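# Chain and residue survey
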Amino acid sequence: MIARHVRKLEAYVPGEQPRARNVVKLNTNENPYPPSPSCAAVLKSFDLDRLRRYPDPVFSDLRATLAKLNGTSPENVFVGNGSDEVLSIAAKTFVEDDEAIASLDPSYSLYKTLAAIRDVKWVGVPNLKAAPKAALFLLTNPNAPTGEFREPEEVAAFAKKFRGVVIVDEAYADFARANCMALAAAKANRNVLVMRTFSKSYSLAGLRVGYCVGPKPLIDAMYKVKDSYNVDAVAQAVALAAVKDQKWMRGNVAKVVRTRASFAMELEKRGWNVIPSESNFVFARPPAPAKAADVFAHLRSQNVFVRYFPGPKTGDRLRITIGTDGQMKKLLTALKKS
Ligand SMILES: Cc1ncc(COP(=O)(O)O)c(C=O)c1O
């Protein structure tokens, strides 16, 4: 009854969402600051009658605004129910049954699961030096969970030699010094999609909106595959309000970036090894003899949630989301108690 590949599938494990409110939650790279007040205004005045009808299937207003923001045309923009949905649609659109999906390793662990759901091979590579044989390369930049940033030139050179579609997953790009959007919008581009999300810099993880920009033939193909009404009416309206308030988003990003610098310095003072991050999290190794798994468990016992990824490539570090200065202070205090 259940497909063979699903029976043996190891499901993706999302970060814990504790129900208690009085915890310090630094485990899923959410934004500690609220979304733009114009999002609240849209919600308050939202006409319930609009919910009687199906939403705009091609999210025309949101698409036009996103196109303008990114210097491209609406026909080059695709919107999904979170960027996770964009990824899942891409896996259905660009990959044949006997082809592979590739990504950096370590990277966003959902990619491997997506390949397993699609019942195709996943190939992990340590860097972008060689182009692996695959139909789709999911390239997180800045990378997760490491926070490392690759220059757009390196990404462009890789895309040129890769034979399939490259999705540059820029979930964290607003926290970085540069991004690859120009690559997606370039006229000569035939195989690069640049993907963004509203979940991080726009503080809207609960809304579920993500999008990608790229060549029309690829975007058109994704429209063929998507569910008819994949982005609900409320999400379209609230996301639109958020994009229009760039100043608010930029202000929140600046605060997170400032806290990132001071927190990384504090950890280093305490003997931690911190990979330079261009993201809204740091990937850090506690000083010996402390073990990351034990520090994770200790912090959790103190109601401080961070993320621990077991395994040979990631198991010696913790991924810590950058919260408010107050939250980072609480984490540092909890560390002292170990
Ligand atoms: C690299 C990366 N891509 C995509 C996502 C998913 O984002 P969304 O909330 O838009 O589905 C995440 C979420 O943590 C992420 O880390």
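Please refer to the structure placed before this passage.
This text gives an overview of the structure that appears in the document. Not measured: the values here are computed from a predicted model.

## Focus: unusual backbone geometry
Residue Pro145 is bonded to the preceding Ala144 through a cis peptide linkage, with omega at 10°. Topologically, Pro145 is positioned in the loop between strand E5 (136–140) and helix H6 (152–161). Unusually for a residue other than glycine, Asn29 sits at a positive phi of about 55°. Relative to the helices and strands, Asn29 resides in the loop between strand E1 (24–25) and helix H2 (37–44). Unlike most non-glycine residues, Phe59 shows phi in positive territory, near 40°. Position of Phe59 among the secondary structure elements: in the loop between H2 and helix H3 (60–69). Residue Phe59 is classed as buried on the basis of its relative accessible area of 1%.

## What to know about a nonpolar patch on the surface
On the surface, a cluster of nonpolar side chains totalling about 400 Å² of accessible area is made up of Met1, Ile2 and Val6. For Val6, a relative accessible area of 37% puts it in the partly exposed group.

## What about helix H8 (residues 216–225)?
Of all the residues in H8, the buried ones are Leu218, Ile219, Met222 and Tyr223. All buried residues of H8 lie within an arc of 140° about the axis, which places them on one face of the element. Structural note: H8 exposes Pro217 and Lys224 on the side pointing more than 90 degrees away from its buried face. For H8, the elements touching its buried residues are H3, strand E2 (77–80), helix H4 (83–94), strand E6 (165–169), strand E7 (192–197) and strand E8 (210–213).

The rules behind these values
- Residues numbered from 1 in each chain as written.
- Predicted model: local features only at pLDDT ≥ 70, side-chain atom pairs only at ≥ 80, totals over all residues.
- Heavy atoms only, no water.
- Helix = DSSP H or I, 4+ residues; strand = E, 2+ residues; numbered from the N terminus.
- Buried < 20%, exposed > 50% of the residue type's maximum accessible area, 1.4 Å probe, protein only.
- Patch = residues over 30% accessible without salt bridge, like charges linked within 9 Å, V, L, I, M, F, W, Y side chains within 5 Å.
- Areas by Shrake-Rupley, 256 points an atom, 1.4 Å probe, with all protein chains shown as cover.
- Salt bridge = Lys/Arg side-chain N within 4 Å of Asp/Glu carboxyl O.
- Arc of directions from axis to C-beta.
- Contact = heavy atoms within 4.5 Å.

Everything listed here is a matter of coordinates, which is why it stays silent on function.
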